[in-house]
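Listed here are the chains, written in short residue letters.
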Amino acid sequence: FATFSSPDFEGGGCRDHIAQEQSGMAGRFVAARILGSFRLQHNITYQSVPPGLVVGNKQDAGETVGAKSLRALLLLGAGVSSVFGFSGLVLADEAEHGLPPPSYPWPHSGILSSYDHASIRRGHQVYQQVCAACHSISFVAFRDLAGVAYTEDEVKTMAAEIEVEDGPNDEGEMYLRPGKPSDYFPKPYPNEQAARFVNGGAYPPDLSLITKARHDGQNYVYALITGYREPPAGVSVREGLYYNPYFPGGAIAMPKMLNDGGVEYEDGTPATESQMAKDVVAFLSWAAEPEMEERKLMGFKFLLAFSLAFLQVCYYKRWKWAPIKSRRIVVDVVN
């Protein structure tokens, strides 16, 4: 390659320009060598053809076949690489965000459907015996269950089983008292640091709004607590974690908690794993949206009142405008 030794080209910018020119010449030289070797292997020659002139000799036919073969190979390679790249992105997205949960037919998901209150009561029992050891529902009070899953007397008895720190008293000291229906469900840990210390660094989330805080919450919670599997081939989970494809990352610190017969229902319902998962999801759905039934009822009343008002408006409009639209005007041009 040519080099410059003139004093006018001793600046740093000029040296960078020279280096770029030399790199470009080297790239063009390598590309020409590769193209030349391909032409020799496939016996391809290129020549200028005037517009409108069709050349039909064997040499041009070989050129066309070689060019088409090269183009087909390039397109095939690009397609295969894009397919593998897209599949890799899909697998990476599933590994990062978790497997999308299936859609289940929840009985309260209809426009005019209400909660299954017997399922809410069973779900509260599952929460108390299985989930409450680690997870809190700090936004739910005992009195919220009155008229939903328990009577007022049952709520008072349930609240009196716990002790709540209250005060200060007349001496300025805190004291413990029996719980009242206005108290909220107690937390299993005094603070986040204690919860992480007991659970190996993992923090059990509060379940009061879990079905609203997660995308497709009801289906996600059900799929998560019933979706524990053995790790597939090639997937390793470190000690202290458990494989669950529905959890982001695939490894969760919470072990499998629901097993057949783990809870003895008061109403005699068989406590299978799927039944307990359905009931606890129904309870958590109610905890996240306790006003759903009242909201649907108010919406139905509004639509009914609006429909009646709309019919009255239509009748009044026809009654008011019918004489005007149907009247006949006669013009007496003689008189």
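The text that follows walks through the structure, step by step, so that each part is easy to find. (Residues numbered from 1 in each chain as written. Predicted model: local features only at pLDDT ≥ 70, side-chain atom pairs only at ≥ 80, totals over all residues. Heavy atoms only, no water.)

Points about the overall build of the protein
Assigned secondary structure in the protein consists of nine helices and four strands. Ordering the α and β elements of the protein from the N terminus gives α-α-α-α-β-β-α-α-α-β-β-α-α. Scored against the burial criterion, the 335 residues of the protein give a buried share of 24%. Looking at the protein alone, contacts between residues at least 24 apart form 58% of all its contacts between residues at least 6 apart. Only carbon and sulfur atoms are counted for the fraction: they give 60% of the accessible area of the protein, which is about 23,600 Å². (Helix = DSSP H or I, 4+ residues; strand = E, 2+ residues; numbered from the N terminus. Buried < 20%, exposed > 50% of the residue type's maximum accessible area, 1.4 Å probe, protein only. Contact = heavy atoms within 4.5 Å. Areas by Shrake-Rupley, 256 points an atom, 1.4 Å probe, with all protein chains shown as cover.)

Focus on the environment of I120
Assignment of secondary structure puts I120 in helix α3 (residues 117-131). On the basis of relative accessible area, I120 is assigned to the buried category, the value being 0%. In this structure the C-alpha to C-alpha distance between I120 and L284, which are 164 residues apart in sequence, comes to 8.3 Å. The residues touching I120, leaving out its near neighbours within four places in the chain, are Y115, V148, A149, A282, F283 and W286.

Some points on the packing of aromatic side chains
For any pair of aromatic rings, the description consists of the separation of the ring centres together with the inter-plane angle of the planes. Taken as a whole and judged by the stated rule, the model has eight aromatic pairs. Ring centres 5.8 Å apart and planes at 40 degrees place the aromatic pair Y316 and W319 in the tilted group. Here the residue Y316 and the residue W319 both occupy positions in helix α9 (residues 292-326), the gap between them amounting to three residues, near one helical turn. Judged by its relative accessible area of 49%, Y316 is partly exposed. (Phe/Tyr/Trp six-rings, centres within 6.5 Å; stacked < 30°, edge-to-face > 60°.)

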